[in-house]
Amino acid sequence: MKPIVEFCMSNLASGTHPVFAELEKDPDLDVIEYGCLSFCGQCARTKFALVNGDIVTGDTNDDLIANIYQYLDDHPMF
């Protein structure tokens, strides 16, 4: 089972689409886009993704990618 990274369309439109595109290249991840993840307040404040159900944020797209991979290192699935 692969880790799941989820993005909402509003956050993608606000600038995280390059993160989505970069992570989508990783064959060890399932990267999914939803219309809404029901984290509207979070979405309005910062760049974020849900990683295995937990919010991971970043000030920039590069920070978000680094934080997602750090989260995965810190929270292995198996």
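The rules we used
- Residues numbered from 1 in each chain as written.
- Predicted model: local features only at pLDDT ≥ 70, side-chain atom pairs only at ≥ 80, totals over all residues.
- Heavy atoms only, no water.
- Pairing = 2+ DSSP bridges.
- Helix = DSSP H or I, 4+ residues; strand = E, 2+ residues; numbered from the N terminus.
- Axes fitted to C-alpha atoms, helices over the stretch in contact; angles between N-to-C directions.
- Contact = heavy atoms within 4.5 Å.
- Core = buried A, V, L, I, M, F, W, Y, C linked by side-chain atoms within 4.5 Å.
- Buried < 20%, exposed > 50% of the residue type's maximum accessible area, 1.4 Å probe, protein only.

Draft legend 1. Structural detail: the pairing of strand 4 (residues 54-58). In this sheet, strand 4 lies alongside strand 3 (residues 47-51) in antiparallel orientation, the contact comprising 5 bridges. Note that in strand 4 the partner of Val51 across the bridge is Asp54.

Draft legend 2. Main features of the sheet that holds strand 4. Strand order in the open sheet made by the 4 strands is 2-1-3-4, with mixed pairing throughout. Among the strands making up the open sheet, the edge pair consists of strand 2 (30-34) and strand 4. Direction aside, neighbouring strands of the sheet carry axes that sit 30 degrees apart on average. The pairing of strand 1 (residues 4-8) with strand 3 spans 2 bridges and is classified as antiparallel. When the sheet's bridge partners are listed, Val5 is paired in strand 3 with Val51. Sheet strands touched by helix 1 (residues 9-24): strand 1, strand 2 and strand 3. Its angle to strand 1, the strand with the most contacts, is close to 150 degrees. Helix 3 (residues 61-74) contacts strand 1, strand 3 and strand 4 of the sheet and is inclined by roughly 145 degrees relative to strand 4.

Draft legend 3. Focus on the nonpolar core. Counting 16 residues, the largest nonpolar core has Val5, Phe7, Val19, Leu23, Val31, Val51 and Ile68 as its most contacted members. Within the residue set of this core, elements represented by two or more residues are strand 1, helix 1, strand 3 and helix 3. A per-element tally of this core places helix 3 first, with 5 residues.

Taken by themselves, the reported measurements are silent on function.
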